[in-house]
Amino acid sequence: MIDMPAAQQAQPIRQIVIAGGGTAGWMAACYFAGRLARQGVGITVVESSAIGTVGVGEATVPGIRDYFRAIGVSEIDVLRATGGTVKLGIEFQDWAHPGHRFFHPFGLYGMPSRGVPFHQYWLKLHHAGQGHDLGEYSLCTQMAARGAFMLPPEKPVNDLAVFDWAVHFDASRFAAMLRGRAVAQGVRHIDDVIVDVALDGESGHIAHLVTQDHGTIDGDLFIDCTGFRSLLLGKALGVEWNDWTHLLPCDRAVAIPCAADPSRDWPYTVSTAREAGWQWRIPLQHRVGNGYVYSSAMLSDDEATAKLLSRLEGEALAEPNLIRFGAGHRARFWAGNCVAMGLAAGFLEPLESTSITLIQTAIERLADFFPDAHFDPALADEFNRATRLEYARIRDFLILHYLGNRRLGEPFWDRLRDAEVPEMLAHKLRLFRARGRLVRYEWESFLDPSWLSMYAGFDWLPATHDPMADHFTDEEIAQALRRMRETVASAAASARPHRDFIAHIAAGEPVSPIAA
């Protein structure tokens, strides 16, 4: 029998204090200012303009557009305010082996039939020697290859027209945009340095922050957005760190923006495998973001900086920004009356642009489990359980990128190809290699098409297909798939050049969906 707690009088949260600004702090402030409107909750953001932010997170995944809607802005508003561009997915260059490339799109592949997933029919033809590239069945991939874009149709006629999109944006401009909206909604902004975090002697909760010039800042709920320092959750509350660097050994990044090559107007992120890690390219309207993520055990900081500088497509627009990190997360994300978000909670290399996603899901999850001032531990327990699973699922998806490489004779890549595989990931791999079975766990950030793009991109295909696909003959399947390729190609051809879409936005002109 479960003991039910005695009824107690509700004690609503009246003051939320967010320690740290940047993307995480202002995303939280802007969201809760709207979500808690008319509930008498004060929100204060304490950040110091004297302390810089990491500020290189420029790429997102489609879920960010849910956040835009939640705070009452459109994607077009964000693109205009941040110098942003469209992201249809990520192109991976040289990951499988030098000279090879494949695309991870935000969309579906083909159409299922008789309850059998499309990829099983694709595998059947592949094994019969009649295979075509998987990307030919993805509208998202084909638009990216053309450097084109259109808004998704509001009512797709079938799965071939289903795709999604995300944005690239200037992180500092995005934070400034959110700050303006939050302050206009009544959020108090204090520019000051936090010098101490005082704990309540009885409960162990945070009592108040101590600032350099504004004295004490009292609150009921504290949100830690202080970056890698994790001043509240890590330092003051002593929540330990779970280290995953044995699974994801990259521990450095150097970032340098540069002028754009106008001939490379691509509506997607590019990730290129390098000697000791990988390099990103993220296009914006006013510049290109570049970074080299690498293992310091394999490459020095000076060498990584020199290599990145030598590979820029245009003039460097700032000094190199060196970032030291380690893969992992805090053992708890919510302790007492403190919830950590962003880098204060954990870090996974930005290979799939998940840093901002993890901020967003932390905000949404806190809203789902929003406490009163009693802070029932059951809420924190479920928040922590779900967040741990989310981090682990993303971690495993990132490991897959390295595990599938065939860059033989390169120490960094050889090590990762033979590295330890977490059991949940190993289970997924076994089932796909056995019969092309795609497994989805609780709190997956990346769904079946994303995993399929990786398996196909690295040529990790099963030796056989689902027998249920044998209902149709090879000829029947070949005809159906040919029609799918033609339909996708025709739809992609109707999309406008990405540069035209962005020019319309920059000029303030309206844009609307095109029937795909």
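Definitions and limits used
- Just so you know, the residues in each chain are numbered from 1, in the order the chain's sequence is written.
- For this predicted model, a pLDDT threshold of at least 70 governs which residues receive local features, and a threshold of 80 or more governs which side-chain atom pairs are given and counted, while totals over whole chains, interfaces and linings are taken from all residues.
- Excluding hydrogens and water, the side-chain values take into account all heavy atoms of the structure.
- Take the buried Ala, Val, Leu, Ile, Met, Phe, Trp, Tyr and Cys residues and link them wherever side-chain atoms come within 4.5 Å; each set so joined is a nonpolar core.
- Think of it in three bands: with a 1.4 Å probe and only protein chains considered, a residue is buried below 20% of the maximum accessible area for its type, exposed above 50%, and partly exposed in between.
- Helix numbering and strand numbering both begin at the N terminus, where a helix is a DSSP run of H or I of at least 4 residues and a strand a DSSP run of E of at least 2.
- By definition in these notes, contact holds between two residues if any of their heavy atoms fall within 4.5 Å.
- With a 1 Å grid spanning the protein atoms alone, the term cavity applies to any set of points in which a 1.4 Å probe fits but cannot get out, the term pocket to an open set with protein on both sides within 12 Å along at least five of seven lines, and the term lining residue to any residue with an atom within 4 Å of a point.
- Grid points are joined across faces, edges and corners, and a volume is the space filled by probe spheres set on the points.
- Here the nonpolar group is Ala, Val, Leu, Ile, Met, Phe, Trp, Tyr, Cys and Pro; Asp, Glu, Lys and Arg are the charged ones; every other residue, Gly included, is treated as polar.
- The axes used here are C-alpha line fits, helices contributing only the stretch in contact, and every angle between their N-to-C directions lies in the interval 0 to 180 degrees.
- Should an angle lie under 35 degrees it is considered roughly parallel, over 145 roughly antiparallel, and from 65 to 115 roughly perpendicular; all remaining angles are considered oblique.
- In this scheme, a crossing is called left-handed if the near helix is turned counterclockwise away from the far one by less than a right angle; it is called right-handed if the turn is clockwise.
- Put simply, two rings from Phe, Tyr or Trp (the six-membered ring, in Trp's case) pair if the centres are within 6.5 Å, and we call them stacked under 30 degrees between planes, edge-to-face over 60, tilted for the rest.
- Comment: the charge-over-ring label is applied if NZ (Lys) or CZ (Arg) is within 6 Å of the ring centre and within 35 degrees of the ring normal.
- Paired strands, in this sense, are two strands between which DSSP finds at least two bridges.
- The reported arc concerns the directions from the helix axis to the C-beta atoms and nothing else.

Asker: Please set out the nonpolar core residue by residue, giving values where relevant.
Answerer: Ranked by size, the top nonpolar core spans 154 residues in total, and within it Tyr-67, Leu-88, Trp-95, Leu-209 and Tyr-402 carry the most contacts. Among the elements that take part in this core, helix α10 (residues 377-403) stands out by supplying 11 residues, more than any other. Setting aside residues up to four positions removed in sequence, Tyr-402 forms contacts with Trp-95, Leu-248, Cys-250, Trp-278, Glu-349, Leu-351, Phe-412, Trp-413, Leu-416 and Arg-417. Grouped together as the second largest cluster of nonpolar side chains are 11 residues, Ile-256, Cys-258, Val-288 and Tyr-292 included.

Asker: Describe the layout of surface pockets, with residues and values.
Answerer: Space inside the second largest pocket adds up to approximately 700 Å³. Contributing elements (two or more residues each) for the lining of the second largest pocket: α2 (64-71), β5 (101-105), α9 (355-368) and α13 (448-457). The leading source of residues in the lining of the second largest pocket is α9, at 5 residues. Each residue belonging to the lining of the second largest pocket can be placed in one class, and the counts come to 12 nonpolar, 9 polar and 8 charged.

Asker: Which residues make up the packing of α10 against helix α12 (residues 423-435), and what values do they have?
Answerer: Contact geometry for α10 and α12: axes closest at 10 Å, N-to-C directions at 60 degrees. Accordingly, the angle class assigned to the pair α10 and α12 is oblique. Handedness of the α10/α12 crossing: right-handed. Note on element contacts: α12 touches α10 through Met-424, Leu-425 and Leu-429, opposite Arg-393, Asp-396, Ile-399, Leu-400 and Leu-403. Across the contact of α10 with α12, the residue classes tally to 6 nonpolar, no polar and 2 charged.

Asker: For the environment of Gly-289, give the residues involved together with the corresponding values.
Answerer: With respect to the helices, strands and loops of the structure, Gly-289 is situated in strand β17 (residues 288-294). Here the alpha-carbon distance between Gly-289 and Phe-397, two residues 108 residues apart in the chain, equals 24 Å. What Gly-289 contacts, discounting residues up to four positions off in sequence, is Glu-58, Ile-256, Trp-280, Arg-281 and Ile-282.

Asker: Give a description of the packing of aromatic side chains that names residues and reports values.
Answerer: Here the structure, examined in full by the defined rule, presents 29 aromatic pairs. Three or more aromatic residues link up through ring pairs in this structure, and these residues are Phe-92, Trp-95, Phe-102, Tyr-402, Phe-412, Trp-413 and Phe-458. Of note, Arg-395 hangs over the ring of Trp-244, and the distance from its end group to the ring centre comes to 4.6 Å. Above the plane of the ring of Trp-451 lies Lys-428, whose end atom (NZ or CZ) is 3.7 Å from the centre.

Asker: Describe in detail the sheet that holds strand β22 (residues 346-347), supporting the description with residues and values.
Answerer: Read from one edge to the other, the open sheet built from 3 strands follows the order β13-β19-β22, with strand pairing classed as antiparallel. For this open sheet the edge positions go to β13 (241-243) and β22, each flanked by a neighbour on one side alone. Direction of pairing for β13 relative to strand β19 (residues 328-330): antiparallel, over a ladder of 3 bridges. Residue pairing for β19: Asn-242 is matched across the bridge by His-329.

Asker: Could you give an account of helix α3 (residues 75-82), with specific residues and numbers?
Answerer: Here α3 has its buried residues at Glu-75, Ile-76, Val-78, Leu-79 and Thr-82. One face of α3 carries all of its buried residues, which in axial projection span an arc of 160 degrees. Next to the buried residues of α3 lie α2, β3 (85-87), β7 (166-168), α6 (171-184) and α15 (498-506). The first or second residue beyond α3 is Gly-83, which carries a positive phi of 65 degrees.

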